[in-house]
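Here's the letter readout for the chains.
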Amino acid sequence: MPGKVVEKKTPKQTLLTAITGNVGAILVGLKYFVNPNRFTLKYPYEFIELDETYRGFIILELKKCIGCMSCARICPAAAMKMVKIQVEGKKRPMPVPVINYNRCIFCGYCVDVCPTEALAHLPVHDVVYTNMEDMVLDVDGFQKLVDTPAKDEGVPVKYVFDPERGLVKVPATRG
Amino acid sequence: MSASPALKDEIKLPGMDLKKIGKDLYEVFIGPQHPGSGHMRIIIRVDGDVIVEADPDLGYVHRTMEKLAEGREFIKVIPLMERMAILDACNITLPYVEAVEKLMDIEPPPRAKYLRVLLCEINRIASHLYGMGIFGVFLGHSTMYMWPFGDREVFVELAEKLTGARLTHTYAVPGGVRRDIPQGFREMAEKAARYMEKKLEDYKRIFLDNPAIQKRLVDVGVISKNLAAKLGIVGPNLRASGIRYDVRIIEPYEAYDEIDFEVPIYEEGDAYARAWIRVMEIKQSLNIIRQVLEKMPQGDPLHEKFWAKAPKLYKTVYETTGRAKLIPLYANLKVPAGRAIARAEAGRGEVIYVVESENKTKPYRVRVVSPSFRNAIVFKYIVPGHRIADLPAIYGSIDYFPPEADR
Amino acid sequence: MTGIIDFIIKLIIWPPLFQLVLLPGLVTALVVVIFIIWFERKTAARVQMRIGPYHISPRLGGFLQLIADLTRYAFQEIIVPRTVDRAVFIGAPLTALVLSVVPVVAMPMTDIPRYFPIPMDYSLIISMGLTTLSPIFIVAAAWASNNKFALIGGMREAFVITAYELIFIISGLSAGLAVLSYNIVDIVEAQAPFYKWILFTNPIAALAMYASILMSTSGFPFEIPEAENEIVAGAFTEYSGLMYGVNMGSAYIKRFVYTLLFSLLFLGGWAPYTPQPGFIAGYLIPAVIVVVKATIVMATISFLRAVYGRLRIDQALDGAWRIFIPIALAGLLLALLEAYMGVYA
């Protein structure tokens, strides 16, 4: 059954609602003043341990790559390009993807379109590069694991849903 | 004052357009570098404290999205179009996907339809919360600014669990969706919904029932039923003026015709009704999310055209991680020639896409009519007659979002 | 040598100077204002799911953030636009700052006449009269800025001050009327027992005065003359750097002085304490008690920022003339009744 229209009315303002409204507003303010509900992430002292399903940085597993070029063709930001290199066990040079993180928008099309699962997302969201050239990875760089710079001084946390507080920050272990 | 006629000539800039305005009128530029404007400008002329003329000036964040779309393959248009309202990403791209599906003459499997509705409603809540936050700060109510932005995080997090990305989900693709719900998603959504329902009561008490806020909003910026119809505004603003129009019931798309929900209508048409309608719609969205998770049928995530012939690896990946992999055909999707139109109810109103294809891999034309663009015109008609202080109240109540209007 | 030191000490504790500069004058006002701004930020953050200032001194809960902000203001370039009236543009905020602290010279902080800045019988009227001086310079600063937003802000300031100063004065005078004296010392002494605080005997006048403090000292979100989303920064749109800081500071100092008067008139001044002979027991301690009471009143005002939004200028004026002036007059009537019945006889 589809949705239906329901007519509503905004509440009327009377002297009584003026008084109860003021009191109610102040009471709600006091309620949160006494029992604040905050889930601020104190980055970089804390950082979020992301789920495995998170669409973060991308890593290449060269052994699985068949050089089909689907990833480069589907990339909406033209961040992924193919380069021809000599791969072990192959007679002729094979096209292999490289990535330019200046352009990548983390849509995850390349990972989803890869027919052999040679590309995978890492649960990493923030990586620091000191200059723009470093963000253009070559085949070796594309195969390396990257990690968040906050891991050195911060503790990993995770947010879990809570019916009372919305989100609750709990300590997490690095998987 | 030291401003002499000589000085007036001195500050004249080359190419500056001078325009005579009425005697005793004062021209004030609200935006684009004014703390009370978005990426837009409203030129107002005031007589004392009362605005006599208002002129919305759009286009500061125009990014030629429609033209850019003509140079991209069909699937690459989705991440592009998302950028016009990143917090409403699924709603704003869904009609495009539907239009492409119409051209290809396919229909997504039932499970995909439900999943699309699920993300659409999560996005709608996030979008309304964003709008309410901006509304709050425009009225100088800092708590109403921080709370919705904080609570939006709950739904952004929920969307992240579902799609893997916080904002630009790129979730719906022609033929279906890209992921299934993860383990334990039902419980998470239920907890988030319970939290939000409780929090909405507090919103009501600190903001909507607050006499200071009521004074600012009641009978301010009234859009009459007639005017709303004449100007062709859409979304919650239209429904707050008493017009029964919601694409979800007029022309149910996806799984909306199988879901039982209410569309709240207010007759008042003032800023206060527009504030209320957003709260009520959030409540209904929570209701829809619950129903979707309950009623969702089993099945494939993608249309059989893309799923039946997929290699075995695709099925194992789907079963283990919930990711629906796309076959390489997607990169160069050839869409049969024709023209298709599709519309959906986004957070801010009806969004319409017209997609024209020439049997090529790239669209010939993608036309977008975004809700904020249709709502922007109301500034011209309802702002005059109000005081300067009412301008932020009206701006906030319209929930106008410049990137979406300018595209 | 000792003569000079004696002279300096004498000069410092010379009541008019001591009161104007040290306690509860400029120095105390600055400390209290720094505390109140920090408190305001932290309170708002608590209510609003945030943490507030923290990083700059985690152990003190970010208390030093204000010092950092002040330093930033101090080193920022002061831009004086070409189109302003220079003398007034620079002079007016500074005058307003000085004048906003002046009323304290008429507020006795103890009942020992030796420590009165200026002994007088009409200290209530004089101090209230002095509070009305500084707003005119904000209007002057707005006029001198030659900016559309500043002009609108200046006009709003003039409107708000006219309306709410009247409420402030009527409700303040009703405190004096109840005691049948316009000497603040008499008013405070009459409130010696806790239940005789005028806050309890005449809550109507207290409410009116509290509301007038809220509105006339322009604290967020009652800063209708400086409403950010409407008119950028109102009268202070063209100000930058330290000059802007001076403007902001004088608004807070004004509020502090108003709340000092409020705690003297309605909260029993140095009430639980009776001043003893001697500088410390007779002057310092009662003054600190009054300052603490004023700070608490300011803290409640700070909390309200998290609850309320901004009113429109016409609504604020409507509230003043139609609601609060009748309330203030009712307070006056109540005070008259109490005086007739001899509650404070």
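Since the structure is predicted, the reported quantities are computational estimates derived from the model, not experimental observations.

Looking only at helices and strands, chain C has 15 helices and 0 strands in total. Scaling as 2.2 N^0.38, a compact globule of 345 residues should have a C-alpha radius of gyration of about 20 Å, and chain C matches this with 20 Å. Projected onto the principal axes, the alpha-carbon positions of chain C cover approximately 60 × 60 × 45 Å. Here chain C, with 345 residues, has 52% of them falling under the buried criterion. Partitioning the contacts of chain C with sequence separation of at least 6, the portion at a separation of at least 24 is 78%.

It is worth spelling out the nonpolar core at this point. A general trend in soluble globular proteins is that nonpolar side chains are found buried together. In this structure, Cys-110 of chain A, Ala-192 of chain B together with Phe-256 and Phe-266 of chain C are the most contacted members of the largest nonpolar core, which totals 275 residues. Of all the elements, helix H5 (residues 110-138) of chain B adds the most residues to this core, at 17 residues. In this structure, Phe-256 of chain C is in contact with Ala-29, Val-32, Val-33, Ala-294 and Met-298 of chain C, ignoring residues within four places of it in sequence.

What follows concerns the environment of Gly-234 of chain C. Residues and elements named next belong to chain C. Among the secondary structure elements, Gly-234 is positioned in the loop between helix H12 (228-231) and helix H13 (241-265). For Gly-234, a count of 28 C-beta atoms within 10 Å gives the class buried. With 84 residues separating them along the chain, Gly-234 and Ala-150 place their C-alpha atoms 4.7 Å apart. Not counting the four nearest positions on each side in its chain, Gly-234 is found in contact with Phe-149, Ala-150, Gly-153, Arg-156, Pro-225, Glu-226 and Ala-227.

We now examine unusual backbone geometry. Of note, the bond from Tyr-43 of chain A into Pro-44 of chain A is cis; its omega dihedral lies within 30 degrees of zero at 5°. Tracing the chain through its elements places Pro-44 of chain A in the loop between helix H1 (15-34) and strand E2 (46-48). Backbone geometry at Asn-146 of chain C places phi at a positive 55°, although glycine is not the residue there.

Residues and elements named next belong to chain A. What the 3 strands build is an open sheet, ordered E2-E7-E8; its pairing is mixed. The outermost strands of the open sheet, each flanked by one partner alone, are E2 and strand E8 (166-171). Between one strand axis and the next, the sheet turns by 45° as a mean value, whatever way the strands run. Alignment of E2 against strand E7 (residues 155-162), held across 3 bridges, turns out to be parallel. Residue Glu-46 lies in a different strand from E7, and its bridge partner there is Val-155.

A few words on the sheet that holds strand E7 (residues 338-346) of chain B. Residues and elements named next belong to chain B. Ordered in space as E7-E8-E9, the 3 strands form an open sheet in which the pairing is antiparallel. Either end of the sheet is taken by a strand with one partner, and the two such strands are E7 and strand E9 (363-369). The mean angle between the axes of side-by-side strands here comes to 15°, regardless of whether they run parallel or antiparallel. Across the sheet, helix H4 (residues 89-104) lies against E7 and strand E8 (349-357), angled at about 150° from E7, the strand it touches most.

Further remarks concern the interface of chain A and chain B. Opposite the 41 residues of chain A that make contact, chain B presents 59 residues. Listing elements by their share of the side of chain A that touches chain B, those giving two or more residues are strand E1 (4-8), H1, helix H2 (70-74), helix H3 (109-113), E7 and E8 of chain A. When residues of the side of chain A that touches chain B are assigned to their parent elements, the largest contribution, 7 residues, is made by H1 of chain A. Tallied by class, residues from the side of chain A that touches chain B come to 20 nonpolar, 11 polar and 10 charged. Across 5 bridges, the pairing between E1 of chain A and strand E6 (residues 262-266) of chain B is parallel. Bridge pairing links Lys-8 of chain A to Tyr-266 of chain B in E6 of chain B.

So, how was this worked out
Residues numbered from 1 in each chain as written. Chains lettered and ligands numbered in written order. Predicted model: local features only at pLDDT ≥ 70, side-chain atom pairs only at ≥ 80, totals over all residues. Helix = DSSP H or I, 4+ residues; strand = E, 2+ residues; numbered from the N terminus. Rg over C-alpha atoms; globule rule 2.2 N^0.38 Å. Buried ≥ 20, exposed ≤ 12 C-beta atoms within 10 Å, placed from the backbone. Contact = placed C-beta atoms within 7 Å. Core = buried A, V, L, I, M, F, W, Y, C linked by C-beta atoms within 7 Å. Pairing = 2+ DSSP bridges. Axes fitted to C-alpha atoms, helices over the stretch in contact; angles between N-to-C directions. Nonpolar A, V, L, I, M, F, W, Y, C, P; charged D, E, K, R; others polar.

Shape is all these values report; function is a separate question.
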